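Inside the fold
What follows is the residue order along each chain.
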Amino acid sequence: QVQLVESGGGLVQAGGSLRLSCAAAGRTLSPYIVGWFRQVPGKEREFVAVSWRDGNSPNYADSVKGRFTISRDNTESTVYLQVNILKPEDTAIYYCAAGTYYGNDAYDRGPTYDYWGQGTQVTVSS
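Here's a quick rundown of the structure. (Residues numbered from 1 in each chain as written. Predicted model: local features only at pLDDT ≥ 70, side-chain atom pairs only at ≥ 80, totals over all residues. Heavy atoms only, no water.)

Attention now moves to the overall build of the protein. A count of helices and strands for the protein gives zero helices and eleven strands. Each helix and strand of the protein, placed in order from N terminus to C terminus, yields the pattern β-β-β-β-β-β-β-β-β-β-β. In terms of overall size, the protein behaves like a compact globule, its C-alpha atoms giving a radius of gyration of 13 Å where 126 residues would be expected to give roughly 14 Å. Its C-alpha atoms give the protein principal-axis dimensions of about 40 × 25 × 25 Å. By the burial criterion, 44% of the 126 residues in the protein qualify as buried. Total accessible area computed for the protein in this model is approximately 6400 Å², and 46% of it derives from carbon and sulfur atoms. Between the mean site of the 11 positive side-chain charges and the mean site of the 12 negative ones, the protein shows a separation of 2 Å. (Helix = DSSP H or I, 4+ residues; strand = E, 2+ residues; numbered from the N terminus. Rg over C-alpha atoms; globule rule 2.2 N^0.38 Å. Buried < 20%, exposed > 50% of the residue type's maximum accessible area, 1.4 Å probe, protein only. Areas by Shrake-Rupley, 256 points an atom, 1.4 Å probe, with all protein chains shown as cover. Lys, Arg positive; Asp, Glu negative; His and termini not counted. Charge placed at Lys NZ, Arg CZ, Asp CG, Glu CD.)

In structure tokens form, the structure reads like this:
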């Protein structure tokens, strides 16, 4: 079991920034791909970004490219999502997820991931 804990959400004005963190309790995330998803109540969960095991060449949803950056720390026990130039439509609960997936074409699908955190709320005011 991998326990994931997200933090860093909050209320921010449009154009502002936040850094979201996804920490694995007591273990490294190096064996896993780690993705960020977001969900607005009543809507489908949406893929945001994925960090591959080596931390290189992350993938992003088109809606966040150029504004969001996913990264891993040196110990690989935490994955970050730097969210910049926030827009009201970025308002959602942000979830991180870890998976043992070794492919390269299903990273944007929720069922690809094995473990999920509880989510952190991001609210962007206009």
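It is worth spelling out the packing of aromatic side chains at this point. One pair of aromatic rings is described through two measures. These are the centre distance and the angle between the planes. This structure, assessed with the given rule, holds seven aromatic pairs. Between the aromatic rings of phenylalanine 37 and tyrosine 113, the centroid separation amounts to 5.3 Å while the plane-to-plane angle is 80°, which identifies the pairing as edge-to-face. Pair noted here: phenylalanine 37 is in strand 4 (residues 33–39) and tyrosine 113 is in the loop between strand 9 (92–99) and strand 10 (115–116), with a separation of 76 residues, a long-range link. Accessibility classification places phenylalanine 37 together with tyrosine 113 in one group, the buried group. Consider the rings of tyrosine 113 and tryptophan 116, whose centres lie 6.1 Å apart with planes at 70°: the pair is edge-to-face. By way of ring pairs, the aromatic residues Phe37, Phe47, Trp52, Tyr107, Tyr113 and Trp116 are connected into one cluster. (Phe/Tyr/Trp six-rings, centres within 6.5 Å; stacked < 30°, edge-to-face > 60°.)

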